Amino acid sequence: MASRSAEEWFELGMASDSAPESLEQAALAYRKALDAAPEWVEAHINLGTTLYQLGRMEEAREEFTLAVEFEPGNALAEFNLGCVLEQLGNAKEAIEHLVRAIEIAPTLADAHLNLALVYEKGGQVQSAIRHLSRYGGYEPNEPWAEFARALIAR
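Residues numbered from 1 in each chain as written. Predicted model: local features only at pLDDT ≥ 70, side-chain atom pairs only at ≥ 80, totals over all residues. Heavy atoms only, no water.

Visitor: It is not clear to me how the overall build of the chain should be interpreted in this structure. Could you clarify?
Guide: Scanning the chain from N- to C-terminus turns up nine helices and zero strands. Along the chain direction, N to C, the helices and strands of the chain fall in the order α-α-α-α-α-α-α-α-α. Here the C-alpha coordinates of the chain stretch approximately 55 × 30 × 25 Å along the principal axes. Within the chain, the fraction of its 154 residues that count as buried is 42%. (Helix = DSSP H or I, 4+ residues; strand = E, 2+ residues; numbered from the N terminus. Buried < 20%, exposed > 50% of the residue type's maximum accessible area, 1.4 Å probe, protein only.)

Visitor: Just to check I follow, could you spell out the packing of aromatic side chains for this structure?
Guide: Two aromatic rings, taken as a pair, are described by how far apart their centres are and by the angle between their planes. With the rule as written, the count across this model stands at three aromatic pairs. Members of the aromatic cluster, joined through ring pairs, are Phe10, Tyr30 and Trp40. When the ring centre of Trp9 is taken as reference, the NZ or CZ atom of Arg4 above it lies at 5.3 Å. (Phe/Tyr/Trp six-rings, centres within 6.5 Å; stacked < 30°, edge-to-face > 60°. Lys NZ or Arg CZ within 6 Å of the ring centre and 35° of its normal.)

Visitor: Just checking my understanding: could you explain the side chain of Thr50 for this structure?
Guide: If you trace the backbone, Thr50 turns up in helix H3 (residues 41-53). Apart from the residues lying within four places of it in its own chain, the contact partners of Thr50 are Asp17, Leu23, Ala26, Ala27 and Tyr30. (Contact = heavy atoms within 4.5 Å.)

Set out below in structure tokens:
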């Protein structure tokens, strides 16, 4: 197994990251991919997501931070970093990264939703409403759209 390529380890990680019982295997596979290709942004994002799902927020933050450093224009990396920062209680930095994700990819609906929730939690109601409305416009039929409409109505 040691002779696998970075791509093979990455594929193994992807095959393992969809089931809770194999998340540790997925994390190990992504780490092996990164051993072979340390600047592979998608591997950092996938490892960060896997660590997030495992509840290992500080490690996830490290991976998303590396992804942003290696590819500053990656909206998904910025979005994920914003989400993990919010989970770690750092609303100010979470907002910065979620805003950056939206600047890069204005139609990234989940970034609008998460940004709205951070704003709402911080009492910034008008900003929350603005991003909830944008989320609802991009994803009108998603289950979270109803949630967004209910929050706006409040």
